Amino acid sequence: MSPSEPEQSVERPHDDARSREGGTTAVTGDAAAIAVDGLELVYADGTAAVRGIDMAVPEGEFFGFLGPNGAGKTTTIKVFATLLSPTGGAVRVNGFDVRSESREIRESIGYMAQETSIDPELTAEENIRFACEAYGVPRGERSERVSELLDLVDLAGVADKRAEEFSGGMKKRLDAATALVHRPPLVFLDEPTTGLDPKARNRLWDYFRRINDLGTTIFLTTQYLEEADQLCDRLAVILDGEIVADGSPAALKREVGGEVLDVELEGGSTARQQAATIAREFDAFADASVTETDDGISVTAETVRQYGTDLLVALRDAELTVTGFNIRAPTLDDVFLAITGEELETDDTEAVP
Ligand SMILES: Nc1ncnc2c1ncn2[C@@H]1O[C@H](COP(=O)(O)OP(=O)(O)OP(=O)(O)O)[C@@H](O)[C@H]1O
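No experiment lies behind these values; they were computed from the predicted model shown. (Residues numbered from 1 in each chain as written. Predicted model: local features only at pLDDT ≥ 70, side-chain atom pairs only at ≥ 80, totals over all residues. Heavy atoms only, no water.)

*Asks:* I keep staring at the side chain of Thr82 and nothing clicks. Help me out?
*Replies:* Note that Thr82 resides in the loop between helix 2 (73-80) and strand 4 (88-93). What makes Thr82 buried here is its relative accessible area of 5%. (Helix = DSSP H or I, 4+ residues; strand = E, 2+ residues; numbered from the N terminus. Buried < 20%, exposed > 50% of the residue type's maximum accessible area, 1.4 Å probe, protein only.)

If you want it as structure tokens, here you go:
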């Protein structure tokens, strides 16, 4: 992370939090890279961005923090990176307390913010070298570190080119390299692939997997469910400042229950509403979750494989025109929909594996 001062001073914690401060109350076992107990963050204008979250991220894990715009992801990551001070609760990062040991934390983490922090007028190599200086990498080790990182992010061939000539994906990879010069055991990545095309996104994913394979703990925030599914060992979903679900991608998908029947319909929203009502009243799908989609409806239930064709017949009997259907396993999109009742908004550069 950049060795800057906290960007904002916020109210000091209330009594409850103070009593947990200073390491007097252990919040975790030794092997937690991040341990969070009742974290709250209320901004100076009264916005309660984080409202009492608990979590533990073990060393070596690839952890995903998912949520829509404004859910509280960046606020949480900034507390972990000691850029914001919590207004309640206790947080330890790499075993250090975020309030009283911020210097130790900053020296032991990497932070890739949403906005890249590279200097466009410097070459790729100069940017990494500059980061080495800023992080106090010993002079004698810098050249080796620079070439090692250029290789790791696949920029060795363009080491002497100025960053301003780079594509968005190359800039992101360079930024990620600068966050790693001091070999931190824990790296925070705040929406690192937002706005990138699928190819650039995939290259960054490879890079993140590589550093995780080398033992680095990764805390990733993302709006892309596919990204979380591809990369993360475990996820937490944050909504309006509260964690509403957590678990491995597979476990979260299992919790959705059953399979998903997607039905495509002609006839716009009136047909979709009519079809949704029929599906909801369908006896064989007593516990089904039925949602309207862009071009039809989706029905999630244990019994869709068994009774899906009966539903199609019922739709036809109601003079609805089915133009396509498909039965599939739940995705993280379905998990998100089941938890929040809403689809997670993303841009149009959907990632592909
Ligand atoms: N400096 C600030 N002062 C007051 N409110 C803020 C400030 N920064 C963020 N917020 C508010 O706090 C809430 C959480 O914002 P945050 O940026 O943490 O969400 P996010 O999940 O990271 O969203 P995004 O994906 O848009 O970055 C939002 O309601 C936001 O408007």
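*Asks:* I keep staring at the sheet that holds strand 1 (residues 32-42) and nothing clicks. Help me out?
*Replies:* Sheet strands line up and pair through hydrogen bonds in the backbone, either parallel or antiparallel. One open sheet holds the four strands; their spatial order is 2-1-4-5, and the pairing between them is antiparallel. Where the open sheet ends on each side, the last strands, each with one partner, are strand 2 (48-58) and strand 5 (96-97). Along the sheet face, helix 2 touches strand 1, strand 2 and strand 4 and points at about 120 degrees away from the line of strand 1. (Pairing = 2+ DSSP bridges. Contact = heavy atoms within 4.5 Å. Axes fitted to C-alpha atoms, helices over the stretch in contact; angles between N-to-C directions.)

*Asks:* I tried to follow the site of the ligand on my own but got confused; where do I start?
*Replies:* In the region of the ligand, 16 residues are neighbours, and Gly70, Lys73, Thr74, Thr75 and Glu191 sit closest. Separating an oxygen atom of the ligand from a backbone N or O atom of Gly70 is a distance of 2.7 Å. One of the side-chain N or O atoms of Thr75 is found 2.5 Å from an oxygen atom in the ligand. Relative to its unbound accessible area of 630 Å², the ligand is 66% covered by the protein chains. For the shell around the ligand, the element with the most residues is helix 2, which contributes three residues. Looking at the shell around the ligand, its residues break down into four nonpolar, nine polar and three charged. (Near = heavy atom within 4 Å. Polar contact = N/O pair within 3.5 Å; in protein donor to acceptor, adjacent residues only side chain to side chain. Areas by Shrake-Rupley, 256 points an atom, 1.4 Å probe, with all protein chains shown as cover. Nonpolar A, V, L, I, M, F, W, Y, C, P; charged D, E, K, R; others polar.)

*Asks:* Please explain the packing of helix 9 (residues 249-256) against helix 12 (residues 332-340) as it appears in this structure.
*Replies:* Two numbers describe a pair of packed helices, the interaxial angle and the distance between the axes. Look at helix 9 against helix 12: their axes get within 9 Å of each other, and the N-to-C directions meet at 55 degrees. Regarding the angle of helix 9 to helix 12, the classification is oblique. For the pair helix 9 and helix 12, the crossing hand works out as left-handed. Where helix 9 approaches helix 12, its residues Pro249, Leu252, Lys253 and Val256 are matched on the opposing element by Leu332, Asp334 and Val335. Along the lines of polarity and charge, the residues of the contact of helix 9 with helix 12 split into five nonpolar, no polar and two charged. (Parallel < 35°, antiparallel > 145°, perpendicular 65-115°, else oblique. Left-handed = near helix turned anticlockwise from the far one by under 90°.)

*Asks:* Can you walk me through the nonpolar core in this structure?
*Replies:* What tends to happen in soluble globular proteins is that the nonpolar side chains get buried as a cluster. Core analysis: the largest hydrophobic core is formed by 47 residues, its most contacted members being Ile128, Leu174, Tyr207 and Phe208. Element by element, the count of residues in this core is highest for helix 7 (residues 198-213), at six residues. Here Tyr207 is in contact with Leu152, Val153, Ala176, Ala177 and Leu180, once residues within four sequence places are set aside. (Core = buried A, V, L, I, M, F, W, Y, C linked by side-chain atoms within 4.5 Å.)

*Asks:* Honestly, unusual backbone geometry in this entry has me stumped. Any pointers?
*Replies:* Backbone geometry follows two general trends: most residues other than glycine have a negative phi, and most peptide bonds adopt the trans configuration. Of note, Thr82 is a non-glycine position whose phi angle comes to about 65 degrees, a positive value. One non-glycine residue, Glu191, lies in the positive phi region at around 45 degrees. Note that Glu191 resides in the loop between strand 7 (186-190) and helix 7.

*Asks:* For this particular structure, what's the right way to read a negative patch on the surface?
*Replies:* Together, Asp119, Glu121, Glu126 and Asp160 make up a region of like negative charge exposed at the surface. Summarising the element assignment, Glu126 is placed in helix 4 (residues 124-134). The exposure class of Glu126 is partly exposed, given its relative accessible area of 38%. (Patch = residues over 30% accessible without salt bridge, like charges linked within 9 Å, V, L, I, M, F, W, Y side chains within 5 Å. Salt bridge = Lys/Arg side-chain N within 4 Å of Asp/Glu carboxyl O. Lys, Arg positive; Asp, Glu negative; His and termini not counted. Charge placed at Lys NZ, Arg CZ, Asp CG, Glu CD.)

*Asks:* Quick question: what am I supposed to make of the packing of aromatic side chains here?
*Replies:* Pairs of aromatic rings are described using the distance from one ring centre to the other and the angle between the two planes. Under the counting rule described, the total for this entry stands at seven aromatic pairs. Plain terms: the ring middles of Phe80 and Phe219 are 5.3 Å apart, the flat faces sit at 85 degrees to each other, and that makes the pair edge-to-face. Of the two residues, Phe80 is situated in helix 2 and Phe219 in strand 8 (residues 217-222); the sequence distance between them amounts to 139 residues. In this structure Phe80 comes out as buried when scored by relative accessible area, which is 0%. Given the relative accessible area of 0%, Phe219 is considered buried. (Phe/Tyr/Trp six-rings, centres within 6.5 Å; stacked < 30°, edge-to-face > 60°.)

*Asks:* I tried to follow the pattern of salt bridges on my own but got confused; where do I start?
*Replies:* When charged atoms on two side chains of opposite charge get close, those side chains can pair. Under the criterion given, the structure shown has 17 salt bridges. Each of Arg103, Glu104 and Glu107 takes part in a single network of salt bridges with overlapping partners.

*Asks:* What should I look at first to understand the pairing of strand 8 in this one?
*Replies:* Side-chain direction in a regular strand flips from residue to residue, so the side chains alternate between the two faces of the sheet. Within strand 8, six of the six residues are buried, which leaves it mostly tucked inside the rest of the structure. The side-chain alternation of strand 8 yields two buried faces, one formed by Thr217, Phe219 and Thr221 and the other by Ile218, Leu220 and Thr222. Where strand 3 (residues 62-66) and strand 8 come together, five bridges link them in parallel fashion. For Leu66, the partnering residue across the bridge sits in strand 8 and is Thr222. Where strand 7 meets strand 8, five bridges bridge the pair, whose relative direction is parallel.

*Asks:* Is there a simple way to explain the pairing of strand 13 (residues 296-301) in this structure?
*Replies:* Taking burial as the measure, the six residues of strand 13 include six buried ones, the bulk of the element. Sheet topology places strand 11 (residues 259-265) next to strand 13; six bridges connect them, and they run antiparallel. For Asp262, the partnering residue across the bridge sits in strand 13 and is Ser298. The turn joining strand 12 (residues 289-292) and strand 13, which pair antiparallel and follow one another in sequence, is formed by three residues.

*Asks:* Would you mind going over the confidence of the model for the chain with me for this structure?
*Replies:* Low pLDDT means the predicted atomic positions in that stretch should not be read closely. When pLDDT is averaged along the chain, the result is 86; 88% of the residues meet or exceed 70. In the predicted structure, residues 1-29 sits below a pLDDT of 50 and forms 61 contacts with residues beyond four places in sequence or in another chain. (pLDDT = per-residue confidence, 0-100.)

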